[in-house]
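Commentary on secondary and tertiary structure
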Protein chains: 2
Amino acid sequence: MILGNAKPNGEITPCEQCPLRRLPCLREFTLNELEFVKRFKVDELRVEPGASFLYEGSRSEHLYTVLRGWAFRYKMLDDGRRQILNFALPADMVGLQGAVMEEMEHSVEALTPLTLCVLPRHRLYELYSQYPTLAFDITWLAAREEQMLEEHLVSIGRRSALERVAYVLLHLYNRASELGMARNNVVQFPFTQQHLADALGLSLVHTNKTLKRLMATKAIRWQGRDFELLDKGVLHGLAGTVPAPQKNRPFI
Amino acid sequence: MILGNAKPNGEITPCEQCPLRRLPCLREFTLNELEFVKRFKVDELRVEPGASFLYEGSRSEHLYTVLRGWAFRYKMLDDGRRQILNFALPADMVGLQGAVMEEMEHSVEALTPLTLCVLPRHRLYELYSQYPTLAFDITWLAAREEQMLEEHLVSIGRRSALERVAYVLLHLYNRASELGMARNNVVQFPFTQQHLADALGLSLVHTNKTLKRLMATKAIRWQGRDFELLDKGVLHGLAGTVPAPQKNRPFI
DNA sequence: CGGCGTTTTGACAGGCTTCAAGGGCCGTGG
DNA sequence: CCACGGCCCTTGAAGCCTGTCAAAACGCCG
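Residues numbered from 1 in each chain as written. Chains lettered and ligands numbered in written order. Predicted model: local features only at pLDDT ≥ 70, side-chain atom pairs only at ≥ 80, totals over all residues. Heavy atoms only, no water.

In this section: the sheet that holds strand β3 (residues 52-54) of chain A. Residues and elements named next belong to chain A. One open sheet holds the four strands; their spatial order is β3-β8-β5-β6, and the pairing between them is antiparallel. Whereas interior strands pair on both sides, the edge strands pair on one side only; in this sheet they are β3 and β6 (82-88). Adjacent strand axes in the sheet meet at a mean angle of 35°, parallel and antiparallel pairs treated alike. In terms of strand pairing, strand β5 (residues 71-76) meets β6 through six bridges, oriented antiparallel. Across the sheet, methionine 76 pairs through a bridge with arginine 82, a residue of β6. (Pairing = 2+ DSSP bridges. Helix = DSSP H or I, 4+ residues; strand = E, 2+ residues; numbered from the N terminus. Axes fitted to C-alpha atoms, helices over the stretch in contact; angles between N-to-C directions.)

For any two helices packed against each other, the geometry comes down to the angle between their axes and how far apart the axes lie. Residue and element names in this part refer to chain B. Contact geometry of helix α6 (residues 193-200) with helix α7 (residues 204-216) gives a least axis separation of 9 Å together with a crossing angle of 105°. Judged by the inter-axis angle, α6 sits roughly perpendicular to α7. Note on element contacts: α7 touches α6 through Leu204, Thr207, Asn208 and Leu211, opposite Gln193, Gln194, Leu196 and Ala197. In terms of residue class, the contact of α6 with α7 is made up of four nonpolar, four polar and no charged. (Parallel < 35°, antiparallel > 145°, perpendicular 65-115°, else oblique. Contact = heavy atoms within 4.5 Å. Nonpolar A, V, L, I, M, F, W, Y, C, P; charged D, E, K, R; others polar.)

We now examine the interface of chain A and chain B. If you look at the interface, chain A gives 47 residues, while chain B gives 47 residues. The junction of chain A with chain B conceals about 4,500 Å² of combined surface from both sides, 65% of it contributed by carbon and sulfur atoms. Counting the surface chain A buries against chain B, the share from its top three residues, Met101, Leu153 and Arg158 of chain A, is 17%. Between the two partners, chain A and chain B, sit ten salt bridges. The partner of aspartate 198 of chain B in a salt bridge is arginine 158 of chain A, with the nearest N and O atoms 2.8 Å apart. In this structure, the connection of chain A to chain B is made through 23 residue pairs in polar contact (both at pLDDT 80 or more). Among the elements of the structure, β5, β6, α2 (96-100), α3 (124-130), α4 (132-158) and α6 (193-200) of chain A are those that each provide at least two residues to the side of chain A that touches chain B. Ranked by residues supplied to the side of chain A that touches chain B, first place goes to α4 of chain A with 22 residues. In terms of residue class, the side of chain A that touches chain B is made up of 21 nonpolar, twelve polar and 14 charged. (Buried area = accessible area lost by both parts, 1.4 Å probe. Salt bridge = Lys/Arg side-chain N within 4 Å of Asp/Glu carboxyl O. Polar contact = N/O pair within 3.5 Å; in protein donor to acceptor, adjacent residues only side chain to side chain.)

Encoded structure:
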């Protein structure tokens with residue numbers, strides 16, 4: 001079912017040495033939990049940019065945690081319209097829906113070279129019955145995903161184009177920043193204006209014009225892959241409230 | 001924190017006699033589970049139409065299951081713009097976010113006289129550690145909520161006003177119908193056109209005109225509280241794919 | 001150098017919002 | 001019993017925000 005250049009990978013990062021564990025925003029595993037997660041992670045998967053690895057309507061045998069890279073979750077309409085639901089960054093879980101319910105209701109595509117931890121769904125129940133703290137963490141992750149979707153819904157439903165653009169950019173900057181991907185207020189954004197447009201429910205042309213308008217305020221700079229936050233206050237003023245980053249959040 | 005006419009209720013429906021358990025679309029509890037849920041439900045709460053019982057920014061001591069009535073989850077912007085995120089019907093859980101995370105990111109308001117089962121959040125961990133099947137059910141419920149939000153996001157982001165209206169109405173008709181609230185293709189909708197507008201990200205005026213246009217196709221009839229589905233095929237054609245109702249779904 | 005994906009710009013059309021006002025229904029109170 | 005007020009639904013007119021169409025400029029890579 002995997003198109004593009006996706007392939008299992010011989011060398012797996014052992015969980016003890018997981019680079020994510022060093023992030024201050026993520027909670028620590030107990031030794032017991034670490035032991036289980038290590039066994040739970042059966043493989044690593046690499047996906048090339050532009051390739052989807054989970055499909056709407058299919059039932060996946062695995063769920064995944066993003067180890068490195070960016071991806072996005074999306075849905076398509078019959079006539080080709082696309083809605084991007086959210087972006088996935090390291091420490092995010094993808095495919096939980098397919099693991100818990102009958103089938104996936106959205107697809108997931110890599111934006112950059114992507115490394116995923118592969119977790120077999122048939123052992124999810126083992127996790128629930130033996131590691132309630134981890135089960136709780138998974139629920140926490142699902143609730144956080146829901147929260148981001150809700151914010152997104154407010155943006156698309158009730159905010160103007162300028163407000164929407166300000167909101168996503170600030171949102172994504174914050175998320176990337178929290179993961180240590182920012183240096184001097186600059187992060188690398190791997191997506192195009194078309195991706196932004198599809199996330200925001202706008203046309204490409206109007207997204208472009210709105211971005212220009214936003215850059216004219218000197219709140220941000222964005223050329224090539226470099227995104228620079230010049231004036232957080234101004235951006236915040238346009239975007240409205242952006243949820244504070246969660247401290248000590250779980251991940252699996 | 002509860003405004004309006006909300007009050008605890010002396011007489012509680014015992015879980016053995018819960019009317020929801022008779023619904024064919026919901027899964028059966030084992031005796032063990034039933035025993036626990038019975039203890040988990042510490043009270044019943046009644047809320048009057050128009051009253052909110054969960055607030056954005058607050059941290060609730062309880063989570064709730066809807067026993068009778070309709071509610072809706074929503075978020076407000078500073079200047080009064082409102083976005084309705086989803087509607088809650090019997091067997092739906094509300095307030096999970098507040099129970100799992102730091103605080104609620106949305107509010108919940110009753111549309112009709114509402115009866116809620118009160119579940120204390122501080123015993124949620126007991127559930128996770130002793131009843132993994134129920135913990136799994138909660139995750140399932142969170143995943144389903146996420147799925148509905150995603151569909152909603154596609155509507156608002158990529159569908160025209162006519163398509164959006166067709167979609168929600170079909171969606172809500174299906175959900176109500178599944179719960180046995182339909183008779184001869186008629187259900188009672190307790191919300192106004194203003195609610196619909198706020199759910200769909202449209203203005204009231206345009207929602208009204210779009211509804212008129214939809215009724216002109218003879219796909220639906222909606223006057224007073226009565227909503228009648230006249231031609232499911234036509235509505236489906238406008239709405240695009242609407243997810244099939246889930247069989248044997250969990251609830252708590 | 002040529003080709004392709006991305007960004008940019010301009011012109012125009014149209015869907016949706018806003019403003020404004022009237023009508024219907026119902027509960028309340030004189 | 002009727003008048004009144006409030007809420008909801010309905011309709012018209014005007015204008016803006018956003019979409020669509022079209023084309024050119026840019027940057028990157030083979």
